[in-house]
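Now for the letters of each chain:
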Amino acid sequence: MSDALDGNAIAGLLRVIFGSEMTAAVGTCATCGSASVLAELVVYLQAPGTVARCPVCGNIMMVFVRRRELTCVDLRGMADLAA
Ligand SMILES: [Zn+2]
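Residues numbered from 1 in each chain as written. Predicted model: local features only at pLDDT ≥ 70, side-chain atom pairs only at ≥ 80, totals over all residues. Heavy atoms only, no water.

Some points on the coordination of the zinc ion
Moving on, step 1. Distances from the zinc ion to its protein donors, C29 (SG), C32 (SG), C54 (SG) and C57 (SG), fall at 2.3 to 2.4 Å.
Moving on, step 2. One way to put it: the 4 donor atoms around the zinc ion meet at angles of 106 to 111°, and that makes the site tetrahedral.
Moving on, step 3. Mapping the donors of the zinc ion onto the primary sequence gives the spacing C-x2-C-x21-C-x2-C. Remark: C54 occurs in the loop between β5 (49-53) and β6 (60-67) and C29 occurs in strand β2 (residues 26-29); sequence separation between them is 25 residues. When sorted by exposure, C29 lands in the same class as C54, which is buried. (Donors = N, O, S within 2.8 Å, 3.2 Å for Na, K, Ca; no water. Tetrahedral: all angles 85-135°; square planar, octahedral: opposite > 155°, others 65-115°. Helix = DSSP H or I, 4+ residues; strand = E, 2+ residues; numbered from the N terminus. Buried < 20%, exposed > 50% of the residue type's maximum accessible area, 1.4 Å probe, protein only.)

Examining the nonpolar core
Moving on, step 1. Core analysis: the biggest nonpolar cluster contains 14 residues, and I10, L14, L38, L41, A52, M61 and M62 have the highest contact counts within it.
Moving on, step 2. Ranked by residue count, the leading element in this core is β6, at 3 residues.
Moving on, step 3. Excluding its chain neighbours within four sequence positions, the residues that come into contact with L14 are G19, S20, M22, L38, M62 and F64. (Core = buried A, V, L, I, M, F, W, Y, C linked by side-chain atoms within 4.5 Å. Contact = heavy atoms within 4.5 Å.)

Thoughts on the environment of R66
Moving on, step 1. Residue placement: R66 occurs in strand β6.
Moving on, step 2. Sequence separation between R66 and G49 is 17 residues; the distance between their C-alpha atoms is 6.6 Å.
Moving on, step 3. Excluding its chain neighbours within four sequence positions, the residues that come into contact with R66 are P48 and T71.
Moving on, step 4. Within polar-contact distance, the side chain of R66 engages the side chain of T71 at 3.2 Å. (Polar contact = N/O pair within 3.5 Å; in protein donor to acceptor, adjacent residues only side chain to side chain.)

All quantities given are derived from atomic positions and should not be read as evidence of function.
Right under this line is the structure:
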């Protein structure tokens, strides 16, 4: 089990993907419906990707996978994302 970080650990990644500062954006969990500032998500940096989990229920809200120079993000665990 790798150590859990908070959403600030993916601030740079979010900036690359969304083109702006996203740690203060609010994501809504698709499983429990709680809204969290992205900086509060529980982040695990692990190969081959990075996951950000809901701090309330542990649902995976964001998955980042790096392929060559492209970083892909899967937001299926997120019901809403408001910057
Ligand atoms: Zn949740």
